[in-house]
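So you can see what is in the structure, the chains are spelled out below.
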Amino acid sequence: MGSIFTISILQSALELGFIYSLVVLALFVSFSILNIADLSTDGCFTLGCAVAASVTISGHPILALFMAMGAGIISGFITAFLQTRMGVESILAGIIVNTGLYTINIAAMGFSSNMNLFKCDSIFTLVRDFIQNHMGAGAVEKLILVAVIVIIVSVLLSGFLGTRLGLSIRATGDNDAMVKASSINPKFTITVGLCLSSAMTALSGGLLAQYQKSCDINLGTGMVTIALA
């Protein structure tokens, strides 16, 4: 019996691992840095997937990823607003947003439970065509693309956390009383942090939609557990 571990399976696992690693970075910001249990991740992941799929179908695969991130920022802002302005506990705020996003995601998908992108160009097909036209045949273009995207996001995140605002966000999670004493508004830093986290989650969902050329309303189920694991 042949081995179940083949090069293609390993490559696919690495590709999916890089895509999901963006959610890991998102939870690193919310869970580890801000010390906030953000349970809106499942719905935000599907939101990014739905928005990216809709924009990709309209013929704009690159714009789709930025639109997905924009939708994620809005989701993170609402979650932060419930916590900082409405006094809702962080866990409950995440659950409320996650529940509300189900309807939003259905609407973003044209009130359908799934979408098919097989006849649409994606960022992966664009890179594949570019490599084939300029460098000959390639078999690892998807892996290279997702790896480059994750590296870029990681570098930008690392650089941002080293800025004055980034240090303020890190300090908020460690000791919000000290942050208040330093004339820094913790409500603002929490909002920025959750918007950043949700943007990366939605970007991951958008990449997955284009990677597998489909979107399903239940795609984000269990995403918090997967990312934490």
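Now for a quick tour of the structure. All residue numbers refer to position in the chain's written sequence, counted from 1. The predicted nature of this model means local features are confined to residues of pLDDT at least 70 and side-chain atom pairs, given and counted, to a pLDDT of 80 or more, with totals for whole chains, interfaces and linings taken over all residues. Working from all heavy atoms in the structure, the side-chain values ignore hydrogens and water.

Side note on the overall build of the protein
Secondary structure counts use DSSP, requiring at least four H or I residues in a row for a helix and at least two E residues in a row for a strand, with both numbered from the N terminus. Broken down by element type, the protein carries 10 helices and two strands. Listing each helix as α and each strand as β along the protein from the N terminus yields α-α-α-α-β-α-α-α-α-α-β-α. Here the globule rule is a power law, 2.2 Å times the number of residues to the power 0.38, and the radius of gyration is based on C-alpha atoms. Over its C-alpha atoms the protein spans a radius of gyration of 18 Å, differing by no more than 12% from the 17 Å that the globule rule assigns to 229 residues. The dimensions of the protein, computed from C-alpha atoms along their principal axes, are 60 × 40 × 40 Å. Residues are treated as being in contact if the distance between any of their heavy atoms lies within 4.5 Å. The long-range share in the protein, meaning contacts at least 24 apart out of those at least 6 apart in sequence, stands at 80%. Residue exposure ignores everything except the shown protein chains as possible cover, and the areas themselves are Shrake-Rupley values with a 1.4 Å probe. Carbon and sulfur atoms provide 68% of the accessible area of the protein, an area that totals close to 11500 Å². Distance between charge centres in the protein, computed from 9 positive and 10 negative side chains, equals 7 Å. In this count, Lys and Arg are taken as positive residues and Asp and Glu as negative ones, while His and the chain termini are left out. Lysine's charge is taken at NZ, arginine's at CZ, aspartate's at CG and glutamate's at CD.

Some points on the state of the cysteines
The criterion for a disulfide is a pair of cysteine sulfur atoms lying within 2.5 Å. In the structure shown here, the tally under the stated rule is zero disulfides. Summary of cysteine pairing: Cys 44 is not part of a disulfide, and the nearest cysteine sulfur, belonging to Cys 195, is at 9.9 Å. The cysteine Cys 49 is free of any disulfide, with Cys 215 supplying the nearest cysteine sulfur at 3.1 Å. Relative accessible area decides the class of each residue, using a 1.4 Å probe on protein chains only: under 20% of the type maximum gives buried, over 50% gives exposed, and in between gives partly exposed. Residue Cys 49 is classed as buried on the basis of its relative accessible area, which comes to 0%.

Some remarks on the side chain of Glu 141
By the secondary structure assignment, Glu 141 is in helix 6 (residues 141-161). Salt-bridge detection follows one rule: a side-chain nitrogen of Lys or Arg within 4 Å of a carboxyl oxygen of Asp or Glu. No salt bridge is formed by the buried Glu 141, whose closest oppositely charged neighbour, Arg 128, lies at an N-O distance of 5.4 Å. Contact partners of Glu 141, with chain neighbours within four places excluded, come to Val 127, Arg 128 and Ile 131.

So, the environment of Leu 27
Looking at where Leu 27 falls in the secondary structure, it is placed in helix 1 (residues 7-33). Classification of Leu 27 as buried rests on a relative accessible area of 4%. Considering only alpha carbons, one finds Leu 27 and Leu 63, 36 residues apart in sequence, at a separation of 24 Å.

Some thoughts on the packing of aromatic side chains
A ring pair, where both rings are aromatic, is described by two values, the distance of the centres and the angle of the planes. Only centres within 6.5 Å qualify two rings of Phe, Tyr or Trp (six-membered ring in Trp) as a pair; their planes then separate them into stacked at under 30 degrees, edge-to-face at over 60, and tilted for everything else. Applying the stated rule across the entire model yields three aromatic pairs. A ring is scored as having a charge over it whenever the NZ atom of a lysine or the CZ atom of an arginine sits within 6 Å of its centre and within 35 degrees of its normal. Here Lys 142 stacks its cationic end above the ring of Tyr 211, 5.1 Å away from the centre of that ring.

Some thoughts on the nonpolar core
The biggest cluster of nonpolar side chains holds 33 residues, and the ones touching the most others in it are Leu 22, Phe 124, Val 153, Met 200 and Leu 207. Residue assignment for this core shows that the elements contributing at least two residues are helix 1, helix 3 (61-84), helix 5 (123-135), helix 6, helix 9 (186-212) and helix 10 (223-228). With eight residues, helix 1 is the single largest residue contributor to this core. Membership of the second largest hydrophobic core comes to 14 residues, among which are Cys 44, Ala 52, Ala 68 and Ala 71. Buried Ala, Val, Leu, Ile, Met, Phe, Trp, Tyr and Cys residues that are joined via side-chain atoms within 4.5 Å together make up what is termed a nonpolar core.

Considerations on the side chain of Thr 79
In this structure, Thr 79 sits in helix 3. Here the side chain of Thr 79 touches Ser 75 through a polar contact of 3.0 Å, landing on its backbone oxygen. Setting aside its immediate chain neighbours within four residues, Thr 79 contacts Asp 38, Ser 40, Ala 93, Gly 94, Val 97 and Leu 194. Counted as a polar contact is a pair of N or O atoms within 3.5 Å, where, for protein atoms, one must be capable of donating a hydrogen and the other of accepting one, and residues adjacent in sequence contribute only when both atoms are in side chains.

A short note on the layout of surface pockets
Taken as a whole, the largest pocket encloses approximately 430 Å³ of empty space. Cavities and pockets were defined on a 1 Å grid built from protein atoms only: a cavity is a group of points that admits a 1.4 Å probe but offers it no way out, a pocket is an open group of points flanked by protein on both sides within 12 Å along at least five of seven lines, and a lining residue is one with an atom within 4 Å of any such point. Lining the largest pocket are 18 residues; nearest its centre among them are Phe 66, Met 69, Val 153, Leu 156 and Leu 203. By residue class, the composition of the lining of the largest pocket is 18 nonpolar, no polar and no charged. Grid points are joined across faces, edges and corners, and a volume is the space filled by probe spheres set on the points. Size it by volume and the second largest pocket reaches roughly 160 Å³. Looking at the second largest pocket, the residues that line it are Leu 34, Asn 35, Ile 36, Thr 84, Thr 172, Gly 173, Asp 176, Lys 180, Pro 186, Lys 187 and Ile 190. When residues of the lining of the second largest pocket are assigned to their parent elements, the largest contribution, three residues, is made by helix 9. Charged means Asp, Glu, Lys or Arg here, nonpolar means Ala, Val, Leu, Ile, Met, Phe, Trp, Tyr, Cys or Pro, and polar covers whatever is left, Gly included. For the lining of the second largest pocket, the residue count by class is four nonpolar, four polar and three charged.

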